[in-house]
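Spelled out from the first residue to the last, the chains are:
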Amino acid sequence: MSKFGFWLQRVTQVLIVLLLVTFGASLLLRLIPVDLATILIPNGSESEREILRTEIGLNKGPIGYYLQWLGNFVHGDLGKIYFSGGTETVSGHLAKAMPRSLLLMAYTQVLALSVAIPLGVISAYRAGRRTDRIISNVLFVMSSIPGFAIALILIIVVGVKLAWLPTLGYATYSEGIWEHFKHMLMPVLSLSFGLIATYTRLLRADMIASLREDYVTMAMSKGLSDRRILWKHVFRPSSITLFTSAALSMGGLIGGAIVIESIFATYGVGFEIFVAIAGRQYISLQSCVAVIALFYVFFNLIVDIGSGFVDPRTRDRRVNV
Amino acid sequence: MKKIFTGGRRKVAAVMAIALVASLSQVATSGAAGADTPKRGGNITVGIFDSFPGYCMADNLANSSLMAGRTIYETWVEQRADGKIVPYLLKSFEHSADYKTWLLTIRDGIKFHDGTDVNATALLLNLQALRGALYINGLLGKSPKSTGKLGTAVGFTANIQDVVAVGAMSVQITLYQAESDYPESLYASGRFFARAPSQILGADCSTKPVGTGAFKLVSTELTKLVVAANPDYWRKDANGGKLPYLDGITFTFLPDAQPRVSGVKSGALAATMFSSASEAKQIKDLQKNKNLTTIISPTDYYPTIWLNHKIAPFSSKNARLAVSHAMDRVKWLKVRQKGLGMVPDSIVGPNNIMYNKKGYAGFDLAAAKADVVAYKTETGKDLEFSLPYVSASADSTANAVLLQQMWQAAGMKVNLLSQTTAEAIQKAFPMQYQLLPLLLMEGTGTAFIVPFVVSDMSGGNPKHFITQIAQAVPALKGLPVYFGILNISSFKDTVSENLLFAARAESNMAKKKKLYQQATQQLQEEVHMTNISMLAYSLTYKNLGGVGQLGLAAGGERRLMTNFGIDWTGVWSTK
């Protein structure tokens, strides 16, 4: 199979996954045993509900409804949020929420990788020794504490007792870089703890395996320094699993930070989902799920492309297959 | 006409009396005290637990979002700390000898935020919009952002027969039945704002609030309201200084209690509100915090269990008695409200003029069991019904389970019926459930009680324009009927109704109170509805001064804390 054929296949797979996920979400919506128009505008008249059914395709079958929604979605119309005073667009909400979630996710990944990579390398280099045992035990504790518990501890200690950082809200860059980071630090720390533990363990295991490879023995026999061997010859091939895991967790972080975003009221995508569920805004929920799925498969695709660059053998193997 | 209130009379005596009443009132305060010297400037953020569905006639701002809305809007009349309704945007209100005609005169020199005058035209337009007249004639509610539908206000204004402007600054209201306390209805528990004509008639009635308040709209969305100081605000402080003190306030919707608690503790929020319905634990914890001040409203909010008289089993009085007798209200207060509140012994609280213990079917398990047996003897059926609850809400589920246990202990079979909030609202008006717990009634007066417990507010007013239009125009037959729609128990009781209307007409306070109490007794003896708890609301703040210090324009103290929080006009930041 040619390279073009391989990428065409990957893109096709991605599109199929997206269609299946969004259709599944759409179908779940139609399976709710109540009239969606009544839920969306409980105080509306029957004629207003009929207009709404036509507007969003609820008067069509599940496939007709899905196709209408999909058509709107690809044109950027993600539906509306309904309340007695009118409507707000889901795209408008996501346009505000998405950059916040993306930044939260990006900072979380940067922090987690910045801490996990040196720890993983040291841990692998000192495998079985005291340093490795200390790092492993600390990581074990870190991975045992759920993110929301870390968030609450941080709020009590750092936010309330010490009053160093704000406990809720979001500040844009225009409100000041320092103010922005002050608001982001605790949510980022809460989300990073678990990831640091996971990433360090993954990297440690892969590096220990790589350190046993013949080419490492060859490099050592050539008199290369430990640092050069570790970072140039061992880290790069050992990082595939780490970066794959990091990329896969990015999609999950966008929608999966519901609890953390609610605790810190950062008004990101997770908070939008929380509000959509609480307010029975099912159209908004469906579109949010679709956007998260989009990000998920996008990052999967990035992993595929990225791993090919990091380790050309993987790309060649796939092409050869 | 007798002039009841002109403002400024006997101020000293009134202030002293009110101060005494306020000192004895049930508003509880704890924690740090605010500084005494007003400080100008600053922007603060306030955490609330309700969102902002809109600002037009049919958009009901609830509790904490009503507090936010009331920074933009003001009401024609206000309630003093002692419960008396006094003019606010109005200069005076006068009534005819039979209390069927009321002349409302507006205070001079007040302007809406758009620069237009507050005058008779504006008041007339507001009243007609509340009555639904503007919707009926197509002036309101025809734009997507102008949801001026027939809101619940139509039920509250159903006793109005006619409204006319009688001068540049005066409006005359003619009532169908006499109301000696009509200003209470005009207040509607703080909900009948003065909206600018440009808002009411504009295309953005729901999204562009224009009022007379101390703050003006900066931006609004479903989860946030940002307001800035109104530089032309009409009121001054005690020293003649400009109000408000704050530059701006951001009200932010935080549905979960935890961020509100941590926010106010850390200073990220200057203040935040809570409800004892589900956040009693947080309120009690915050009360103990010496760095914060927590003020709690009186328990003047009366969640009701509405019993549908139209269908079985609650068409039977035995069934209604069984339900009421089976509820262990002491246990409920302890388990669900952590002791915050009070055990009800009437359908309204002790501060309400209608409060009467007589006839109230309180907890009595033996009596409940006997009622269940009596129901079976009467109908040949077991007493079985469904209790709607919102399964997505942990609080609603816990409440439903506890109620189910109590009723089952008396021999009733209770099916839990999972509903969404939207379904519950839709099926409550008109009532389609057998029974429904819902907080509607509140306050010390009757304006926010009577419309829910009478069956023919407008049906008893044959001259009401909606009645006439619905009869004349076949196309409007489907128009929502508000004559008794607010009475979701759907009962008809001429005894209680006559007592209520007689009480409303009576001007002698002692006689009035007696009539209202007799009505309450009748409602309780017939168990037209029952209850299990009474609620309070709290506000916790830090680094704020002036809370509750600014009196009313007509003299006297404003109520410190209500379900719609505090008044922000005279509040300053001490930071």
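### Concerning the overall build of chain A
Helix and strand counts for chain A stand at 14 helices and 2 strands. Its C-alpha atoms give chain A principal-axis dimensions of roughly 85 × 60 × 35 Å. Counting over 321 residues, chain A shows a buried share of 38%. Relative to all contacts within chain A whose residues are 6 or more apart in sequence, the contacts with residues 24 or more apart total 68%.

### Quick look at the sheet that holds strand β15 (residues 301-307) of chain B
One open sheet accounts for 3 strands, arranged β18-β15-β19 (chain B); its pairing is antiparallel. The open sheet is flanked by β18 (435-442) and β19 (529-530) of chain B, the only strands paired with a single partner.

### Considerations on the nonpolar core
By size, the foremost hydrophobic cluster in this structure holds 246 residues, and its most contacted members are A:Tyr199, A:Ile292, B:Trp76, B:Leu123, B:Ala322, B:Ala326 and B:Leu435. Leave out the neighbours within four places in its chain, and B:Leu123 touches B:Trp76, B:Leu104, B:Ile106 and B:Val171.

### Notes on helix α1 (residues 3-31) of chain A
The terminal C-alpha atoms of α1(A), which comprises 29 residues, lie 42 Å apart, in line with the 42 Å expected from a rise of 1.5 Å per residue. If you check which residues of α1(A) are buried, you get A:Thr22, A:Ala25 and A:Ser26.

### Here's the deal with the interface of chain A and chain B
With 25 residues of chain A at the interface, the matching set in chain B holds 31 residues. In the side of chain A that touches chain B, the residues fall into 15 nonpolar, 8 polar and 2 charged.

### Regarding the packing of α1(A) against helix α4 (residues 62-74) of chain A
Residue and element names in this part refer to chain A. As a packed pair, α1 and α4 sit with axes 10 Å apart at the nearest point and diverge in direction by 125°. As far as their axial angle goes, α4 and α1 are oblique. Considering only the axes of α1 and α4, their crossing is right-handed. Residue-level contacts link Thr22, Phe23, Ser26, Leu27 and Arg30 of α1 to Pro62, Tyr65, Tyr66, Trp69 and Leu70 of α4.

### A look at the environment of B:Pro388
Residues and elements named next belong to chain B. Assignment of secondary structure puts Pro388 in strand β16 (residues 384-389). Take Pro388: there are 23 C-beta atoms within 10 Å of it, and that puts it in the buried class. Once residues lying within four places of it in the same chain are set aside, the contact partners of Pro388 are Leu417, Gln419, Ala424, Tyr433 and Leu436.

### Focus on helix α7 (residues 147-161) of chain A
Over its 15 residues, α7(A) extends 20 Å from the first C-alpha to the last, a length consistent with the 21 Å expected when each residue adds 1.5 Å. By the largest-angle criterion, A:Ile155 marks the main kink of α7(A), which is about 30°. Listing the buried residues of α7(A) in full gives A:Gly147, A:Ala151, A:Leu154, A:Ile155, A:Gly159 and A:Val160. For α7(A), the elements touching its buried residues are α8 (177-211) and α11 (258-264) of chain A together with α8 (257-266) of chain B. Just beyond α7(A), the residue with positive phi is A:Ala163, at close to 55°.

The rules behind these values
- Residues numbered from 1 in each chain as written.
- Chains lettered and ligands numbered in written order.
- Predicted model: local features only at pLDDT ≥ 70, side-chain atom pairs only at ≥ 80, totals over all residues.
- Helix = DSSP H or I, 4+ residues; strand = E, 2+ residues; numbered from the N terminus.
- Buried ≥ 20, exposed ≤ 12 C-beta atoms within 10 Å, placed from the backbone.
- Contact = placed C-beta atoms within 7 Å.
- Pairing = 2+ DSSP bridges.
- Core = buried A, V, L, I, M, F, W, Y, C linked by C-beta atoms within 7 Å.
- Expected span 1.5 Å × (residues − 1).
- Nonpolar A, V, L, I, M, F, W, Y, C, P; charged D, E, K, R; others polar.
- Axes fitted to C-alpha atoms, helices over the stretch in contact; angles between N-to-C directions.
- Parallel < 35°, antiparallel > 145°, perpendicular 65-115°, else oblique.
- Left-handed = near helix turned anticlockwise from the far one by under 90°.
- Bend = angle between axes of the 7 residues up to and from the residue.

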